[in-house]
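Take a look at the letters that make up each chain.
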Amino acid sequence: MKRVRLLLTMFLLLTITTVWGGQTPEEKAFEKKLASVVPSERQYTWQRRYDVYAFIHFGPNTFTGREWGSGTESPSLFNPTALDTRQWAKALKSAGMTMAVLTVKHHDGFCLWPSRYTEHSVKNSPWKDGQGDVVREFVDAVRAEGMGVGIYLSPADLFQLENAAGYYGNGSAYADTVIPTEPASFKNEPTKTRPTPSEGCGANVIYTCKLDDYNRYFLNQLYELLTEYGPVAEVWFDGAIPKTKGGQKWALNDWTGLVRRLQPEAVIFNRGPDVRWAGNESGVARETEWSVIGLDKPVAEFEWRDMTDAILGDRATLANAVELYWYPAEANVSILLGWFYHEDKKMRSAEQLMDLYERSVGRNASLIINVPPDKRGLFTDAEVATLKAFGELRQTRYGNNLATGVTVMASSSLPDHPASAALDGMYETYWEATPRGDADAPVTLEITLPRQVTFRRVVLQEQIRRGQRVEAFIIEVQNPDGQWVTLAEATTIGYKRIVSVPETSATNLRIRFVSYRVAPTIAEVELYY
């Protein structure tokens, strides 16, 4: 009987220690695993440099008034009368944008550069008597304004699908291939290469693989774009499939492989392993947006499909994952209610763009805003004015951090990562709390301002080299009676979180981390009106 009582007592003590006193060893190990998922160097660079940038949809659809072309359009349709990519770049720069992504080939298959591998391009248009190259003018203008270059190349190609001699879905077998392929022997002798660039991006690179006709066509065009137009920051692969034929498959692994060989610093959007779609075309990220997500297959086998679930990175979901992966979100939207230019489409205002900025960039995503040129090849005066107003509004709202000259205290800190590092104005330095022990003690960051400050927005950033850790937090201010009062509650932070609060005047501010993985790691806390 005494032995039974002893065993029961030991069981109860173990239960109290395990359940009431903290986490099980298995839970601790899982939490450490979640916190260890971090961005690649190219993802980190993208996140730091490119928060708001431009999409530019331009092509035959600009002249037909359609959103998706048919692939049967004549190149003679493309004839902008006053195309000026310098005007585009200057207008985008005025909005504070840091990169521009051009649709060099949309779903209709028309190419805005004189590709060696098709006649369906600017070289057979009346624009500049067939001697023009929109892509060349675009990259030169964008770089002249100090912005990064992005290339959108549609995997769907209705010209190649509808054309009787086209490659898309033609049933061709996979064969040994070298990229770049000699155009004259493209189908009959795909192992014959053409001269490669001797310097610059992709110098002397020859890529070998097995491909069918369409994937060979696609990779050769990708090779042209990534070796002849200088450094590229983002390669944008659209997932849309307007029409299918012949069971055509996309050689995603080889697409990624070629990009890595030619432009190793470029991130791949959507049909690749670097940046995912936020799940809508409204420019809004999830209220709880995780960069740490779970894959149902190993990375090498994953198909990089759209992820549209409401929650992607909670513990319950990740517990069932085959592999954990850093996969940040990009939210997309158009300044017009349509991707290509239409005279009758309503335009979003600078205030509306700012609202989307705070609900995308302010929720741990990037924001790409489409600005379509008109039939002249110019942004309209209204577009230019809205971009300028958006840039000025961002500068007014977020150009003056009110949280300076502060005193900072934390409930705990690692020796080399003190609380003061969270408000020193440098993202690379950070505060990190000590890892939780057997008992969950409150983790807080308390900020004392040198004077009373009136603010309406709190900006927080995790140091993502240490992963994404915060699951929920509360922002509090101290009232004149010395009591802490809740100002706002939120979930994830990630690279950046913007929390809008009622207009508040305070001297003391506290952030209470109520749920997190291992220990919070905060790079910056800022206050704005």
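Residues numbered from 1 in each chain as written. Predicted model: local features only at pLDDT ≥ 70, side-chain atom pairs only at ≥ 80, totals over all residues. Heavy atoms only, no water.

Time to look at the overall build of the chain. Helix and strand counts for the chain come out as 12 helices and 19 strands. For 529 residues, the compact-globule estimate of 2.2 N^0.38 gives 24 Å, and the chain sits close to it at 26 Å. In terms of overall dimensions, the chain has a C-alpha envelope of 90 × 60 × 40 Å along the principal axes. Long-range pairs, those at least 24 residues apart, make up 77% of the contacts in the chain with a sequence separation of at least 6. When the accessible area of the chain is evaluated, it comes to approximately 21900 Å², of which 51% is carbon and sulfur surface. Side-chain charges of the chain comprise 57 positive and 65 negative groups, with the mean position of each set lying 3 Å from the other. (Helix = DSSP H or I, 4+ residues; strand = E, 2+ residues; numbered from the N terminus. Rg over C-alpha atoms; globule rule 2.2 N^0.38 Å. Contact = heavy atoms within 4.5 Å. Areas by Shrake-Rupley, 256 points an atom, 1.4 Å probe, with all protein chains shown as cover. Lys, Arg positive; Asp, Glu negative; His and termini not counted. Charge placed at Lys NZ, Arg CZ, Asp CG, Glu CD.)

Before going further, it helps to spend a moment on helix α8 (residues 213-228). Here α8 is 16 residues long and its end C-alpha atoms lie 23 Å apart, about the 22 Å a rise of 1.5 Å per residue gives. Counted residue by residue, α8 has 15 buried out of 16 residues, so it is predominantly covered. A positive backbone phi angle near 80° is found at Gly230, which sits one or two residues after α8. (Expected span 1.5 Å × (residues − 1). Buried < 20%, exposed > 50% of the residue type's maximum accessible area, 1.4 Å probe, protein only.)

That bond from Ile179 to Pro180 is cis: its omega, 10°, falls within 30 degrees of zero. Tracing the sequence through the fold places Pro180 in the loop between β4 (175-179) and β5 (207-211). Despite not being glycine, Asn204 has its phi angle at roughly 60°, a positive value.

All right, on to the side chain of Thr118 then. Relative to the helices and strands, Thr118 resides in the loop between β2 (99-105) and α6 (134-144). There is a polar contact of 3.0 Å between the side chain of Thr118 and the backbone nitrogen of His120. The contacts of Thr118, once residues within four sequence positions are left out, are Cys111, Lys123, Phe159, Gln160, Tyr217 and Gln221. (Polar contact = N/O pair within 3.5 Å; in protein donor to acceptor, adjacent residues only side chain to side chain.)

The subject of this paragraph is the confidence of the model for the chain. On average, the chain scores 94 in pLDDT, and the residues at 70 or more come to 95%. Contacts for the low-pLDDT stretch residues 1-21, under 50 throughout, to residues beyond four places or in other chains number 8 contacts. (pLDDT = per-residue confidence, 0-100.)

Turning our attention to the side chain of Asp108. When you line up the elements, Asp108 lands in the loop between β2 and α6. In this structure, Asp108 is buried with no salt-bridge partner, the nearest side chain bearing the opposite charge being Lys105 at 8.6 Å. A polar contact of 2.9 Å, which involves the side chain of Asp108, links it to the backbone nitrogen of Phe110. Among all residues touching Asp108, those that are not within four sequence positions of it are Pro60, Asn61, Gly69, Gly71, Glu73, His120, Asp157, Leu158 and Phe159. (Salt bridge = Lys/Arg side-chain N within 4 Å of Asp/Glu carboxyl O.)

Scanning the entire structure with this criterion turns up 32 aromatic pairs. Their ring planes at 50° and their centres at 5.4 Å tell us that Tyr167 and Tyr217 sit as a pair that is tilted. With Tyr167 in the loop between α7 (158-162) and β4 and Tyr217 in helix α8, the pair connects residues that are 50 residues apart, well separated along the chain. Tyr167 gets classed as buried once you look at its relative accessible area, which sits at 15%. Take Tyr217: its relative accessible area is 0%, and that puts it in the buried class. Taken together, the ring pairs in this structure connect Tyr117, Tyr167, Tyr168, Phe186, Tyr214, Tyr217, Phe218, Phe237, Trp250 and Trp255 into an aromatic cluster. One cation-aromatic arrangement involves Arg465 over Tyr44; the distance from NZ or CZ to the ring centre is 3.6 Å. Its end group placed over the ring of Trp290, Arg517 keeps NZ or CZ at 3.8 Å from the ring centre. (Phe/Tyr/Trp six-rings, centres within 6.5 Å; stacked < 30°, edge-to-face > 60°. Lys NZ or Arg CZ within 6 Å of the ring centre and 35° of its normal.)

Let us look at the sheet that holds strand β3 (residues 148-153). Spatially, 8 strands are ordered β7-β6-β3-β2-β1-β12-β11-β8 in an open sheet, and the strand pairing comes out parallel. Of all the strands in the sheet, just β7 (267-270) and β8 (276-277) have a single pairing partner and so form its edges. With 3 bridges joining them, β3 and strand β6 (residues 234-237) adopt parallel strand pairing. Residue Gly150 lies in a different strand from β6, and its bridge partner there is Glu234. Across the face of the sheet, helix α3 (residues 41-49) comes into contact with β1 (52-56), β6, β7, β11 (329-334) and β12 (365-370) while running at roughly 75° to β7. (Pairing = 2+ DSSP bridges. Axes fitted to C-alpha atoms, helices over the stretch in contact; angles between N-to-C directions.)

Let us now look at empty space enclosed by the protein. In this structure the tally under the stated criterion is 1 cavity of 30 Å³ or more. Computed from the structure, the largest cavity encloses a volume of approximately 60 Å³. Looking at the largest cavity, the residues that line it are Trp46, Gln47, Tyr50, Asp51, Val361, Asn364, Ala365, Ser366, Tyr495 and Lys496. Only α3 and β12 provide two or more residues apiece to the lining of the largest cavity. Residues of the lining of the largest cavity, tallied by class, amount to 5 nonpolar, 3 polar and 2 charged. (1 Å grid on protein atoms, 1.4 Å probe; cavity = no way out; pocket = protein on both sides within 12 Å on 5 of 7 lines; lining within 4 Å. Points joined across faces, edges and corners; volume = space filled by probe spheres on them. Nonpolar A, V, L, I, M, F, W, Y, C, P; charged D, E, K, R; others polar.)

Time to look at the pairing of β12. Taking burial as the measure, the 6 residues of β12 include 6 buried ones, the bulk of the element. As paired elements, β1 and β12 share 4 bridges and run parallel to each other. Residue Ala54 lies in a different strand from β12, and its bridge partner there is Ile369. Here 6 bridges tie β11 to β12, and the two strands are oriented parallel to one another. Paired with Ala329 across the strands is Ala365, a residue of β12. Each parallel crossover has a hand, and the one from β11 via helix α11 (residues 350-358) to β12 is right-handed. (Right-handed = clockwise from strand over helix to strand, strands pointing away.)

For the rest of this paragraph, the subject is the environment of Met409. By secondary structure assignment, the location of Met409 is in strand β13 (residues 407-410). The sequence separation of Met409 and Ile447 amounts to 38 residues, and the corresponding C-alpha distance is 6.6 Å. Other than its neighbours up to four places away in sequence, Met409 contacts Ala419, Thr444, Leu445 and Glu446.

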